[in-house]
Amino acid sequence: MSGDWVASYDAQAKNEGLSIPENLPQKLDSLNISEGSNMPSLSGNILGRTTKPSGSFVNPPQHSFGATTTTGPRTNIGAAPFAAGFPPGNSQLRGGHVATRGRGFGFAPQPNPAFAQPFQPNFNAPRGRGGFQANVSPRPPHTPPTMYKYVEKNSTPPKNDSHEKAMAPAEIALLNKFLHREVKMMSESEVDVQRQDPTSPLYSVNSFRDLRLKDEVVKALDMLGFEFPTRIQETALPLLLMEPPHNLIAQAQSGTGKTAAFVLTMLCRIDLSLKHPQCICLAPTLELAKQLGEVVSKMGQYMTDLNIHYAIKGSPRSTEKLTEQIVIGTPGKTLEYLQKTQRIDPSKIRCLVLDEADVMISQQGHSDISTVIYTIIEEASPSVQSMLFSATYDSPVVDFATKLVKNAIVVMLKKEEQALPNIKQCYVECNDKAAKYEAIVNLYSGLTIASSVIFCHTKASAMWLANNMKQRGHEVDVLHGEMEVQDRANTIIRFKAGEFRVLITTNVFARGIDVAQVSVVINYDLPIKYDAEGNELRIDGQLQPDCETYLHRIGRTGRFGKAGIAINFIDSPEALRMIEIIKQHFSMQIKKIDPGNLDDLEDIERS
Ligand SMILES: Nc1ncnc2c1ncn2[C@@H]1O[C@H](COP(=O)(O)OP(=O)(O)OP(=O)(O)O)[C@@H](O)[C@H]1O
C-alpha cells in the first residue's frame, strides 16, 4: 500500500472533517494487501468484466482502502473494488461473487447513493482476508455522496524524451524472421498470378516430390519437417524450376515460405562441380544476409561441396576470385565484388535474388545500387533468372520492378482484406493526463481484456505507464525502439504465448508485425505528426494527427477477419480536435463513450 493512498485519503478526509489516526500509514501498511493479477480469462468475447470470488482480493485496489462498506449487519467481503464510498454503480453480490457491474473506468464516476456512505474507518475491527472491516452507518438518502479517489503522486508521464518512429522496413523484416520460426499456412488466401501469356498453363504442386528436386535437397526438407509446400511455394516453385527459367516477382505475407522457395531454387540451379559464384542473393542488411545464409546452409546441408560466401561489411578485402557457388550479400559490398575487385564474374551468374525487394528497389531504399547490379548481371548473363521476393510492395515499387525485370511472372497473394470494418472505434474524454492515467487503470481493473496493445508517444512514457500498471498488479510488458531486434522478438513471442496480456509500446510496433490475438488497441497518446527534425509539427500553432500511423496502429487488432476494438484516450481539447480530424479523414465512426459506464464499451463490442 503506497503512501499515496494515505495522502489522498488524508486530503479527502480532512476536507470532510474526518479525524485521521496518527498511525494510519502504518495501519494501512500492515494490511499487507497484495495486488494480484489473476483476472479470470476471457472466453468468447473481447471484453469481460473482472469478477472475483467473495472474500478474496479484487485486483487492483483502486479507490479503496481495503475497507468495505456494509449496510446492516457487518459482513466481511474482503477488499471489494467499490470500497470506501467509491461508486459501485450497480455492483451486486451474486452467489458469493462480487460483480463489478457498471463500475466504469472514468476518473470520477458518480457514486450510487445507496452504497456511498462516508467512510468511518474502524481500525480496531477484526481483519478479513485481504481487507478489513469497516463499520459504516448508512447515509441518509439526501446526503451528498462522498467520493474518495486515489491520486497517484506522479500521474503524468515524464516529458523529457523524444517520440519513437515506426521501424524501418529492413528492421521489420529482420524482426519477422526471428518471429516466424514456423510457417504460416495461408489457407484462405488466394494466389493471384499475372502471366505474360495468360493461356500458358499454370502448374501447381501438392508435394515437394512432384518438383523433382535434387535428392540431397529432398533429404534436407524431410529433416527440416517440410511435408507440404506452402501456397507461395506450390505456386512459385513450378514456375521457378521450369526450363527455360522464368523471372518472378513474388509477394506473400511474412512467414509464408518465400525464403524457402528461392533458396530451393538456387540450390537446384547450382552445379556443385563448378567453383565460382552462380547465384547471388541480395538482402538490405547484414543481419538479414546472415539469416538467409543460415537457411541456405540448412537446406543445403547434404550437398557436399556447397559453399557460401557473404559479401557483407567486414568481409576481408581481397581481389581473389570467389570459389563459392552462392554469394549472399548487401548491395554495396556485392557491387564492390562485381565492379571494383571483380571477385565475381557476372557472366557466370545463373540466378539473382532480391529478398525484401520492396526495400531493395524503392527510392528510399537501395534502388540505385540494386539497379546497377541487376543491369551488370543481366548484360553479362542475358539468361540469368531474376527473382524478387517481398512481404509488401507499394504500387510504384511493383511498377518499377516490372520494368526492371523483363518478362517477369508476378505472383501476388491476395491482400488481406482491409481490417477496418472489423474494428470498432471509440474515444474516452478525460480532463487531463492524471485523469487519463486513472481511467486506463480503471479500465483494466473493470474489464478483462484478452490481449491488448497500448500506444504511447515515447519510450519514457511507455516505460512509465508500464511500471505504474505493474505496481497495480497488471500483467504488462514494454516494447520500444531502443531494444535490440532479438529482444523485441522475444517480447513479442512471450506476448503471443500469453505470458502477459498488455503490451505497452510506441510507434515501433505500429506496423509490419502481426499478433493475431490482439483484441484491443489503445491509443493512450494519439499519434501526431513530426517535422523533419523530429519536433512536433504544428500548423497555425496546432498539433496535427498522424492519420496514417493511426490506421497502422489500430490495424494491430482486427487481423485476419477477427473483431477488434480501438479506444482512444483524449486528455485535452487539442486531442479532442485531433480525434475529430481523424474521424473526418477516414469518414469513420469513432464513438464517444462514457468513461463511467463500461456497458458503453460492451455495446461497442456488440455493435
Ligand atoms: N513448406 C514448409 N513446411 C514447413 N515449414 C516451412 C515450410 N516453408 C517454410 N517453412 C518454415 O516457416 C518459417 C517461415 O518461412 P520463410 O522464412 O521461408 O517465410 P518468409 O515468407 O520468407 O518470411 P519473411 O517474409 O519473414 O522472410 C521458417 O521457419 C521456415 O523454415
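Because the structure is a prediction, the values reported are computed rather than measured. Counting from 1, residues in each chain are numbered in the order their sequence is written. Thresholds applied to this predicted model are a pLDDT of at least 70 for local features of residues and 80 or more for the giving and counting of side-chain atom pairs; totals over whole chains, interfaces and linings are not thresholded and use all residues. Hydrogens and water are ignored here; the side-chain numbers use all heavy atoms of the structure.

### A look at the overall build of the chain
Along the chain, the regular secondary structure elements total 17 helices and 24 strands. Intrachain contacts of the chain at a sequence separation of at least 6 include 76% that bridge at least 24 residues. The helix count covers DSSP runs of H or I at least four residues long, the strand count covers runs of E at least two residues long, and both are numbered beginning at the N terminus. Two residues qualify as a contact provided that any one of their heavy atoms is within 4.5 Å of a heavy atom in the partner residue.

### Re the sheet that holds strand E19 (residues 502-505)
As summarised here, the arrangement of the seven strands in space is E18-E19-E17-E20-E23-E15-E24, forming an open sheet in which the pairing is parallel. Only two strands of the sheet have a single partner each, and these edge strands are strand E18 (476-479) and strand E24 (591-593). Shown here is a sheet whose adjacent strand axes are inclined to one another by a mean of 25°, direction ignored. Simply put, an axis is a line fit to the C-alpha atoms, just over the touching stretch for a helix, and the angle between two N-to-C directions goes from 0 to 180 degrees. Packing against the sheet, helix H13 (residues 459-471) makes contact with strand E17 (452-455), E18 and E19, and its axis sits at approximately 170° to E18. On top of the sheet, helix H14 (residues 485-496) reaches E17, E18 and E19; it is set at about 150° to E18, its chief contact. Any two strands with at least two DSSP-identified bridges between them are counted as paired.

### Quick look at the environment of Lys433
Note that Lys433 resides in helix H12 (residues 433-446). The sequence separation of Lys433 and Asp571 amounts to 138 residues, and the corresponding C-alpha distance is 5.7 Å.

### Focus: the nonpolar core
Note on terminology: a nonpolar core comprises buried Ala, Val, Leu, Ile, Met, Phe, Trp, Tyr and Cys residues joined through side-chain atoms within 4.5 Å. Here the term buried applies to any residue with accessible area under 20% of the maximum for its type, exposed to any over 50%, and partly exposed to those in between, with areas from a 1.4 Å probe on protein chains only. Core analysis: the largest hydrophobic core is formed by 69 residues, its most contacted members being Leu248, Phe262, Met266, Leu267, Ile326 and Phe509. When residues no more than four places from it in sequence are discounted, the contact partners of Phe262 are Cys281, Leu292, Val353, Asp355, Met387 and Phe389. Ile449, Cys456, Val502 and Ile504 belong to the second-largest nonpolar core, a separate cluster that totals 32 residues.

### Focus on helix H15 (residues 547-554)
For H15, the full list of buried residues reads Cys547, Thr549, Tyr550, Arg553 and Ile554. Along the long axis of H15, the arc covered by the buried residues comes to 160°, so they all point the same way. Its buried side turned inward, H15 meets strand E15 (423-429), E17, strand E20 (520-523), strand E23 (564-570) and helix H16 (573-586). Counting of polar contacts relies on pairs of N or O atoms within 3.5 Å, with two restrictions inside protein: one atom must be capable of donating a hydrogen and the other of accepting it, and residues adjacent in sequence are counted only when both atoms are side-chain atoms. Here H15 starts with a cap whose side-chain oxygen sits 3.3 Å from the backbone nitrogen of Glu548, and that cap is Asp546. By construction, the arc corresponds to the directions joining the helix axis to the C-beta atoms.

### A short note on the UniProt feature "short sequence motif: Q motif" (unreviewed entry) in the chain
UniProt positions are given in the numbering used here, feature names are shortened, and annotations may be inferred rather than shown by experiment. Listed under "short sequence motif: Q motif" (unreviewed entry) in the UniProt record, and renumbered for this structure, are residues 206-234. Here residues 206-234 runs as 48% helix and 0% strand, with 7 Å between its end C-alpha atoms.

### With respect to helix H7 (residues 286-299)
In an α-helix, one turn spans 3.6 residues, which is why side chains three or four residues apart end up on the same side. Helices are assigned an expected span. That span is 1.5 Å times one less than the residue count. The first and last C-alpha atoms of H7 sit 20 Å apart over 14 residues, in line with the 20 Å expected at 1.5 Å per residue. Those residues of H7 lying buried are Leu288, Ala289, Gln291, Leu292, Gly293, Val296 and Met299. Those residues of H7 hidden inside the fold are in contact with helix H3 (169-179), helix H4 (215-224), helix H6 (258-269), strand E9 (279-282), strand E10 (308-311) and strand E11 (326-329).

### So, the packing of H12 against H13
It is the contact of H12 with H13, at a shortest axis distance of 11 Å, that shows an interaxial angle of 50°. As far as their axial angle goes, H13 and H12 are oblique. You can see that H12 and H13 cross each other, and the crossing is right-handed. Across the interface between the two elements, Tyr437, Ile440 and Tyr444 from H12 touch Trp464, Leu465, Asn468 and Met469 from H13. Think of it as three bins: nonpolar holds Ala, Val, Leu, Ile, Met, Phe, Trp, Tyr, Cys and Pro, charged holds Asp, Glu, Lys and Arg, and polar takes everything else, Gly as well. Tallied by class, residues from the contact of H12 with H13 come to six nonpolar, one polar and no charged. Orientation is classified from the angle alone, with under 35 degrees giving roughly parallel, over 145 giving roughly antiparallel, 65 to 115 giving roughly perpendicular, and any other angle giving oblique. For a crossing to be left-handed, the near helix must be turned anticlockwise from the far one by less than a right angle; the clockwise case is right-handed.

### Focus: the pairing of E19
The two faces of E19 match: Val502 and Ile504 on one face and Leu503 and Thr505 on the other face are all buried. Taken together, the four bridges between E17 and E19 define a ladder with parallel strand orientation. For Ser452, the partnering residue across the bridge sits in E19 and is Val502. Here E18 runs beside E19; their pairing, made up of four bridges, is parallel. Within E19, the residue paired with Leu479 across the bridge is Thr505. With H14 bridging E18 and its parallel neighbour E19, the resulting β-α-β unit is right-handed. Here a crossover is taken to be right-handed if, once the strands point away from the viewer, the path from the first strand over the helix to the second is traced clockwise.

### Thoughts on the packing of aromatic side chains
Any two rings among Phe, Tyr and Trp, with Trp reduced to its six-membered ring, count as a pair given centres within 6.5 Å; such a pair is stacked if its planes are under 30 degrees apart, edge-to-face if over 60, and tilted if neither. Under the definition given, this model contains six aromatic pairs. For the ring pair Phe495 and Phe500, a centre distance of 5.3 Å and an interplane angle of 25° mean the geometry is stacked. Should the NZ of a Lys or the CZ of an Arg lie within 6 Å of a ring centre and within 35 degrees of the ring normal, that charge is described as sitting over the ring. Directly above the aromatic system of Tyr302 lies the positively charged group of Lys219, at a separation of 4.3 Å from the ring centroid. Sitting above the plane of the Tyr337 ring, Arg343 keeps its charged end 5.0 Å from the centroid.

### A closer look at the pattern of salt bridges
We define a salt bridge as a contact between a side-chain nitrogen of Lys or Arg and a carboxyl oxygen of Asp or Glu at a distance within 4 Å. Counted under the stated rule, the structure contains 20 salt bridges. The shortest N-O distance in the salt bridge between Arg501 and Glu475 comes to 3.6 Å. Taken together, the residues Arg501 in the loop between H14 and E19 and Glu475 in the loop between H13 and E18 connect sequence positions 26 residues apart. Taking the relative accessible area as the measure of exposure, Arg501 reaches 17% and is therefore buried. The class for Glu475 is partly exposed, based on a relative accessible area of 27%. What you see here is one network of salt bridges that share partners, running through Lys433, Lys436, Asp525 and Asp571.

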